[in-house]
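Structural features, examined
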Amino acid sequence: MFLYARFLNIFIQLFISAPLGFSLFSTSSANHMAVTSRAPANGTVYREDPLLPHLWSIKAALDKLDLSQTDGADVYELVSHCIKTFKNSSEYRNDTRFLKIWLIYMDFSPNYEAVFREIEQLKICLDKALLYESYALFLEAKGMMNEAHLVYQSGISRNAEPIEKLKKAHTYFLERMQAIIDACSHKKVDGGSPLNSGSNCMNPWSISTLNNLLQKMNAQISKYTGYHASNKCYSGKVALSSLLKSARNKVIEIGGKKYQIKGCAGKGGFAQVYKASINNNADDIVALKIQKPPFPWEFYMYRQLDKRIPEIERLSFGYAHKLHLYSDYSILVSDFLSHGTLQDAINTNVCTGASMDEVLCIHYTIEMLSMLQSLHANGIIHGDFKPDNLLMRNARDNLTEDGFRTRSGSWREQGLCLVDWGRGIDLHLFPNKTKFNGDCRTSGFRCIQMQENKPWTYQVDTYGLCVIVHMMLHNSYMEIEKKASLDGGYTYQPKMPFKRYQKVELWKKLFEDLLNHDPKEEHLKILGNLKTSFQDYMCSNPQLIKQLKQSLAKQRISMCSS
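Description of the structure in this document. In this text the structure is predicted, and so the values were computed from the model without any measurement. (Residues numbered from 1 in each chain as written. Predicted model: local features only at pLDDT ≥ 70, side-chain atom pairs only at ≥ 80, totals over all residues. Heavy atoms only, no water.)

1. Some points on the pairing of strand β14 (residues 480–484)
As paired strands, β14 and strand β15 (residues 490–494) are joined by five bridges and run antiparallel to one another. Bridge assignment links glutamate 481 to a residue of β15, and that residue is glutamine 493. (Pairing = 2+ DSSP bridges. Helix = DSSP H or I, 4+ residues; strand = E, 2+ residues; numbered from the N terminus.)

2. Observations regarding the pattern of salt bridges
Summed over all chains, the structure comprises 23 salt bridges. Put simply, glutamate 133 and lysine 165 hold a salt bridge, and the shortest N to O gap is 2.8 Å. Of this pair, glutamate 133 sits in helix α7 (residues 129–141) while lysine 165 sits in helix α9 (residues 163–185), and the two are 32 residues apart along the sequence. Judged by its relative accessible area of 43%, lysine 165 falls in the partly exposed class. Linked through salt bridges whose partners overlap, the residues forming this network are Asp49, Asp95 and Arg97. (Salt bridge = Lys/Arg side-chain N within 4 Å of Asp/Glu carboxyl O. Buried < 20%, exposed > 50% of the residue type's maximum accessible area, 1.4 Å probe, protein only.)

3. As for the nonpolar core
Grouped together as the largest cluster of nonpolar side chains are 91 residues, with contacts concentrated most on Leu342, Met368 and Leu510. The greatest single-element share of this core, amounting to eleven residues, is contributed by helix α13 (residues 358–377). Among residues more than four places away in sequence, those in contact with leucine 510 are Thr365, Leu369, Leu465, Val469, Leu530 and Phe534. Val75, Phe98, Ile119 and Ala136 belong to the second largest nonpolar core, which has 49 residues in total. (Core = buried A, V, L, I, M, F, W, Y, C linked by side-chain atoms within 4.5 Å. Contact = heavy atoms within 4.5 Å.)

4. Points about the side chain of serine 277
Mapped onto the elements of the fold, serine 277 is located in strand β5 (residues 271–278). When its relative accessible area of 1% is taken as the criterion, serine 277 is described as buried. When neighbours within four sequence positions are excluded, serine 277 is seen to be in contact with Lys258, Tyr259, Gln260, Lys262, Asp284 and Ile285.

5. What about the sheet that holds β5?
Pairing is mixed across the open sheet formed by seven strands, whose spatial order is β2-β7-β8-β6-β5-β4-β3. The open sheet has two edge strands with one neighbour each: β2 (227–229) and β3 (251–254). Neighbour-to-neighbour, the strand axes of this sheet turn through a mean angle of 30°, independent of strand direction. Helix α11 (residues 297–308) rests against β2, β6 (281–291), β7 (320–325) and β8 (330–335) of the sheet, and its axis sits at about 150° to β7. (Axes fitted to C-alpha atoms, helices over the stretch in contact; angles between N-to-C directions.)

6. A closer look at the pairing of strand β4 (residues 257–267)
With four bridges joining them, β3 and β4 adopt antiparallel strand pairing. Among the inter-strand pairings, valine 251 is bridged to a residue of β4, identified as glutamine 260. Where β3 folds back onto β4 in an antiparallel hairpin, the turn is made up of two residues, including glycine 255, whose phi is positive at roughly 55°. As paired strands, β4 and β5 are joined by seven bridges and run antiparallel to one another.

7. Quick word on α13
Helix length check: α13 (20 residues) gives 28 Å between terminal C-alpha atoms against 28 Å at 1.5 Å per residue, within 8%. For α13, a buried count of 18 out of 20 residues is recorded, marking the element as mostly surrounded by other parts of the structure. Immediately downstream of α13, the backbone of glycine 379 shows phi near 75°, a positive value. (Expected span 1.5 Å × (residues − 1).)

8. Remarks on the environment of serine 241
Counting through the fold element by element, serine 241 comes out in the loop between β2 and β3. Along the sequence, serine 241 and lysine 292 sit 51 residues apart, while their C-alpha atoms lie 9.4 Å from each other.

9. Looking at the packing of aromatic side chains
Working definition: an aromatic ring pair is given by the centre-to-centre distance plus the angle between the planes. Counted under the stated rule, the structure contains 24 aromatic pairs. Each ring, one from phenylalanine 86 and one from tyrosine 92, has its centre 5.2 Å from the other, and the planes form 75°; the classification is edge-to-face. In this pair, the class of phenylalanine 86 matches that of tyrosine 92, namely buried. For the ring pair tryptophan 297 and tyrosine 300, a centre distance of 5.0 Å and an interplane angle of 35° mean the geometry is tilted. Separated by three residues within a single helix, tryptophan 297 and tyrosine 300 lie in helix α11, roughly one turn from each other. The exposure class of tryptophan 297 is buried, given its relative accessible area of 2%. Here the basic side chain of arginine 314 rests over the ring of tyrosine 319, its NZ or CZ set 4.3 Å away from the ring centre. Arginine 423 extends its terminal NZ or CZ atom over the ring of tryptophan 205, reaching a point 4.7 Å from the ring centre. (Phe/Tyr/Trp six-rings, centres within 6.5 Å; stacked < 30°, edge-to-face > 60°. Lys NZ or Arg CZ within 6 Å of the ring centre and 35° of its normal.)

Next comes the structure, spelled out in structure tokens:
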């Protein structure tokens, strides 16, 4: 049922009660005065307000709403009609009363993310803190903490008013998250055997699961090279929170070294990544991932990569040098790659209206298949496989026609590097044949099993690969359709057809195999066979390798200029 049904009293306060400053009829805009049945005493006659009758009707419906007796369809119909009537009216674009109607509509809508996107597209009250605080609370109630954190950050970056109220709400949110983490960290966990939840299906990303695993592995993690822990807060001269407003050229001291911030390289749910030089050496550049609350899990995953991934493949997964763990922050020091992401490469093509050269699509597909084959063979799932987590690696030396298939010579340095291991899953910490039921909540990358509320394992990565390939081929996210098959079952396939000039059979086989994986068939064998088929095609004609070299050079230039 709707969140409204579960949190009715909260929402009545948010949308109706005046003490919270959230009355359905109050507005901060002097241009929207409610019409009364009598003219004011001073004789002034206010113009008619077309929105007001809708507000009265919606309030009356809310007052009578009993979700134990009805599904609220009448309220949904009223707010839908109101939005349809006024959503393109500039008169109400900055009216908080209209925003409150949108928030009620969002609560009843099955696709609340699409509703928020529409609010942003229509620029409804984008400068109001109310929008961001309400949506963040909505997401928090759904357990979507990363997304809620991002919404708060978005509102603060836009200086939504009142900004101090929004900042205070964000602070309270972070304190609630820290309290949850602290509560979970006090649970006792057996330190000898894989985590046993009493069930063969669990959420690997829940706060309790991660904290149980970290507590269990704490003695081992503390011995890893580069691990530096303190039970005190970070106490450097420059407050880490100040980096959110202005970071460039600020110097932070960590572990006896001075890191000068050169710029922000990326933002995640609870973390920011900065490019920094060490001790004022312009040639010694690293990435600093600063996270609050502190989160050592990613460092643990990097050390598992060091242990398990063969040296010849290790370049494909990034390196973490150090973790500085404080009571309030964690700071991960890792390699900085300056050539952009696969998402940047895709965006470059979107801007020009052209699709990525097919030889490039094949090259990156081979890279991704190799990555997943290596990871999954060693009991590791990435869990957040998307193009902005795939950094570009450019070879220092000229590429040759030799070494493409074996990834030797200069081809070893050319490719992709998978980063951001905060959602990584170490299968060695779970009982054999454990399946998972967590939802990644990443729009466009939720595997079929997540969409259908079924257990999953490796599909979280292989589905991500399919989405990325679709983005490279079509410049759009993948939409899938379920079709009946000849054997009485059904299959999944992308809705968008391939272009005639593309290698249709190669791509069709990839999507068929990865979207319709037979549990009886070894999925590592599927990955290997697909990789071989793409390699065979590329090596069937020397001109294809030459064409790939030219496309890589052209792409490098276009990304540098964009």
